[in-house]
Every structure is written in structure tokens, then in C-alpha cells.
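# Structural characterization, general
If you want the building blocks of each chain, they are given just below.
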Amino acid sequence: MSSEQITVYIDQGQLAAQKKNKYSLYLAKLVNNEATVIWQSRGPVATVGHQSYEYQNIFDVSLPSFQVNYANDSQSFGAGSSFTSAGKSVSINVGQTVTLDQNGIFGNPANGGNQGAITITNQLQANPHAILMDATGNNIFVNTDSGMDIGNATLTPLDQYQIWFGNYQDTGTIIADNRSNVASLTLTGGEATVITYNADGEWIQGAPPPANWVLPATTGEFIAGVTVIAMFRATLTTAALTYLGTKLIGKFTGNLKPSEITVAKGDASVTFKFSNASELLTHLGTDVYEQAVDSALASAQKDATSGLQHETWKLSEAEVAFSSMLTS
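Residues numbered from 1 in each chain as written. Predicted model: local features only at pLDDT ≥ 70, side-chain atom pairs only at ≥ 80, totals over all residues. Heavy atoms only, no water.

Attention shifts here to the overall build of the protein chain. Counting its regular elements, the protein chain contains 4 helices and 21 strands. Counting all 328 residues of the protein chain, 40% fall into the buried class. Of all intrachain contacts in the protein chain linking residues separated by at least 6 positions in sequence, the fraction that spans at least 24 positions is 66%. Of the accessible surface of the protein chain, which amounts to about 17200 Å², a share of 48% is contributed by carbon and sulfur atoms. (Helix = DSSP H or I, 4+ residues; strand = E, 2+ residues; numbered from the N terminus. Buried < 20%, exposed > 50% of the residue type's maximum accessible area, 1.4 Å probe, protein only. Contact = heavy atoms within 4.5 Å. Areas by Shrake-Rupley, 256 points an atom, 1.4 Å probe, with all protein chains shown as cover.)

Quick look at the structure:
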């Protein structure tokens, strides 16, 4: 079974302070849009059979199994209403694909599908509505807007987590109500993400800067922005360029969102510009911008509508731009 990985870095000064407070590091998963139970925890001091949190911490969370089914147009999907499925549900894991034949019968799920997604190869006419359920048959998603065409339909489960420091509690217990400074993370099944608790006690996406990172001298200047260029192996299609220019911004998470994405027809590169970068540069360095672009493109590649399924890319080194602070 595949898993999601969350890597947490903790600033050395904060590490000492949190341990002195005897705080534990907690991870919880949102279920029905609420985080109520502690999934994993790391204490301030390691004991037999229990790890403590340190500078780098990696949480591996196994992905659950799901069920898929479909419903006909004649079913009601109004608020509070129920429906009767038109087929027999089949259990499936993230990354697998399953065929729904012309008779409305699911085949056996097989590996080899899109990473982080569940793929239904639909052969049933009349645009049946895809249904995604958890392993016990509770509905997670029902496609009420449009049915499945003949061909592949992709369902991508999104998992939401919360992470924080707090007083001691056992894993599996109900979360206390007095939490503060909680970071929220949204992952697509099978993804990995990195988050840092910095020297100011803030949760920031990405890894901490390398030990030798020094903010460039800026006497008489301030940092106007950072530019990263993604260079693709071949000229992008019109569909891919349209997606990058209109929908890719939604794939960026946290504070690291570009202020401008520049695409050009017939081009094989896309330019990302980030403004107001001084604070993040001070704490994280330029690599975090490259990581943000790469992560957004990888997430978009999993979207069947992006036109990026068979594309590869390389990223330029992030370029820092300066502007004069002098005024007339």
C-alpha cells in the first residue's frame, strides 16, 4: 500500500524551546472536514519504543483503500437525499485503474494507473456519475455535475492534515480544544510535502535554507522579486499553455504563489515571478521557489485536463531581482 510523506523541519532554537516546554509534536488528519483525533505524535524526549522529534522529522501515513461505483442520471443528489447505485462497488487503491464495461460491471482493479489517483476506464453509455467512497462505503465524492464520457475518468482523493506543538497527549486520543499555531496541509494521494517551523515560530512551506545561505548584500537596494523558469523538453500544446496560464496557480500552496505566470504560444518554457520575497528569502533561501514551482507542475501533471501527462521539465536557478531604495 502506498503512503503519503510529510517532512517537518524545526529551527534549532525553536527545537530547544519546544523541548524545554515539554511540548510534543502532533499530526492529525481531517475526517469529514474535522480533525478530532491525534494520528501520530512525537514527544520531546525519546523513550523505548517512542521516537522524539528532532531537527528533521518524517511522518509516513499509509493511504487507505477506497471503493468506486456509479449512479444513473435518474438518481437524486439533492442535499440530504440518498441514491441507489447502479452497479456493484469495487475496492480499489490509489494508483490503480479499473474498467467499467458496457454492461455496468466493474473488472478487477490493476496497478499501473496515475500516481495519486484512481482511474476508471468507462465503457458504459449514458454518462454514469462516478462515486468515490471510503473503505466502508461512506461517500467521499459524487460527480453530480457531469457524467463520465467513454474513456478514462480520474478521481483524485485529497487528504488534509494539521500539525502543531502542544502539551502531552497519547496518539489516538481526542484533540484538546486549546490548540494554537496550527499548520494545515493538503496532499494529493501518494504525494510528499515539506514544511518548516522557522526561528520566528511560523510554519512555512519548504525546507530550511542550506547552512551556508547568506542573503545577498542589498545596501541601497531591496529585493523586488524572484524569477524561476521551467524549461520543457518540447514545445507545449495550446491546451497545456492554456492550463498553465489559467489553472496552474491553484496548484501552489501556502505563501509561495507566483504573482505572475508568463506563457507564450509556440514556446517550450514558462516564467514564474514571485514578488514581495524578502522575508521568505531571509528564512528559506532561493531553493524554496524552485521547489514550489516543481511541486505545482508535478501536481498539475496528475490532472488529466492539463495536457502535461507526458511532459518533462528542468528548472532554472532562481534569479533574485533588486530595485533601488533611493528616492528623488
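Spatial ordering of the open sheet is given by 6-5-10-11, a layout of 4 strands whose pairing is antiparallel. Taken across any chain shown, the strands that pair with only one partner, and hence form the sheet edges, are strand 6 (90-92) and strand 11 (139-142). For this sheet, the mean angle separating the axes of adjacent strands, direction not counted, is 30 degrees. Across 3 bridges, the pairing between strand 5 (residues 66-71) and strand 6 is antiparallel. Across the sheet, the residue bridging to F66 is I92, located in strand 6. (Pairing = 2+ DSSP bridges. Axes fitted to C-alpha atoms, helices over the stretch in contact; angles between N-to-C directions.)

What follows concerns the environment of G13. Mapped onto the fold, G13 is located in helix 1 (residues 12-20). A relative accessible area of 46% places G13 in the partly exposed class. The spacing of G13 and D200 is 187 residues in sequence and 9.4 Å in space, taken between C-alpha atoms.

By size, the foremost hydrophobic cluster in this structure holds 26 residues, and its most contacted members are F232, F252 and F272. The set of elements that each furnish at least two residues to this core consists of strand 17 (221-232), helix 2 (238-246), strand 19 (269-275) and helix 4 (287-301). Considering each element in turn, this core owes the most residues, 7 residues, to helix 4. Excluding its chain neighbours within four sequence positions, the residues that come into contact with F252 are K257, P258, I261, F272, F274, A292, V293 and A296. (Core = buried A, V, L, I, M, F, W, Y, C linked by side-chain atoms within 4.5 Å.)

Pairing in this open sheet of 4 strands is antiparallel, and the strands run 3-2-13-14 from one edge to the other. Looking at strand neighbours, the two that pair on one side only are strand 3 (38-42) and strand 14 (183-188), the edges of this open sheet. Pairwise comparison of adjacent strand axes, ignoring direction, gives a mean angle of 25 degrees for this sheet. Alignment of strand 2 (residues 24-29) against strand 3, held across 4 bridges, turns out to be antiparallel. The partner of L27 across the bridge, within strand 3, is Q40.

Honestly, that's just the spatial picture; any functional story needs more than this.
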